[in-house]
Amino acid sequence: MPENKKKPNPIDIHVGGRIRLRRNMLGLSQEKLGESLGITFQQIQKYEKGTNRVGASRLQAIASILEVPVAFFFEDAPGGPGAGGLSEESQTTYVVDFLSSTEGLRLNRAFVRISDPKVRTKIIDLVRALADEE
């Protein structure tokens, strides 16, 4: 008998990924976000994976806690305005995945603390040069 597991909707996966991205940017744990909402961290995990849909009122509460407009969660969503071909979508997914990673977050947090634009440009040049060596 074939499994009858329903695959998560791409929009639910995208919204969940954006929740994870913003939560990580703020250094907030799943447990703390869950406490603020009156739900378990397991429920937050399910939202972030897209296995459970986030209702409108819950999404509004999450947006308030994470200090972003609700529209933030739908930016670059698959099939939405500005959604192009597959390569564009995979590029967006790559960026979100990178910014959700420990390394991406650490790099991003350190980079935004650099106030001198010339130093930022030199760092970008350095990273590009290192990437071209590989």
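Higher on the page you've got the structure.
Residues numbered from 1 in each chain as written. Predicted model: local features only at pLDDT ≥ 70, side-chain atom pairs only at ≥ 80, totals over all residues. Heavy atoms only, no water.

Q: Hey, could you run me through the layout of surface pockets in this one?
A: Any empty space left between atoms is shown by rolling a water-sized probe over those atoms. Taken as a whole, the largest pocket encloses approximately 360 Å³ of empty space. Around the largest pocket, the lining is made up of eleven residues, and of these Phe98, Leu107, Phe111, Ile124 and Val127 lie nearest the centre. Of all the secondary structure elements, the ones that give two or more residues to the lining of the largest pocket are α5 (86-100), α6 (102-112) and α7 (117-133). Tallied by class, residues from the lining of the largest pocket come to eight nonpolar, two polar and one charged. (1 Å grid on protein atoms, 1.4 Å probe; cavity = no way out; pocket = protein on both sides within 12 Å on 5 of 7 lines; lining within 4 Å. Points joined across faces, edges and corners; volume = space filled by probe spheres on them. Helix = DSSP H or I, 4+ residues; strand = E, 2+ residues; numbered from the N terminus. Nonpolar A, V, L, I, M, F, W, Y, C, P; charged D, E, K, R; others polar.)

Q: Help me understand unusual backbone geometry, please; the structure alone is not making it clear to me.
A: Most peptide bonds are trans, and most residues other than glycine sit at a negative phi. A positive phi angle, near 60°, is found at Glu67, a position not held by glycine. As for its position among the elements, Glu67 is in the loop between α4 (56-65) and α5.

Q: Could you clarify how one ought to interpret the nonpolar core in this entry?
A: As a rule of thumb, nonpolar side chains are buried together in soluble globular proteins. Ile19, Ile62, Leu66 and Phe73 are the most contacted members of the largest nonpolar core, which totals 16 residues. Listed by contribution, the elements that provide at least two residues to this core are α1 (10-25), α2 (30-37), α3 (41-49) and α4. With residues up to four places along the chain from it excluded, the contact list for Ile19 reads Leu33, Glu48, Val54, Leu59, Ile62, Leu66 and Phe73. (Core = buried A, V, L, I, M, F, W, Y, C linked by side-chain atoms within 4.5 Å. Buried < 20%, exposed > 50% of the residue type's maximum accessible area, 1.4 Å probe, protein only. Contact = heavy atoms within 4.5 Å.)

Q: Explain the pattern of salt bridges here, please?
A: Opposite charge on two side chains makes pairing possible when the charged atoms of those side chains draw close. Counted under the stated rule, the structure contains four salt bridges. Of the charged contacts, one joins Arg53 and Asp12 as a salt bridge, the two residues approaching to 2.7 Å between their closest N and O atoms. Of this pair, Arg53 sits in the loop between α3 and α4 while Asp12 sits in helix α1, placing them 41 residues apart in sequence. The exposure class assigned to Asp12 is buried, which follows from its relative accessible area of 15%. (Salt bridge = Lys/Arg side-chain N within 4 Å of Asp/Glu carboxyl O.)

Just distances and angles here, no functional claims.
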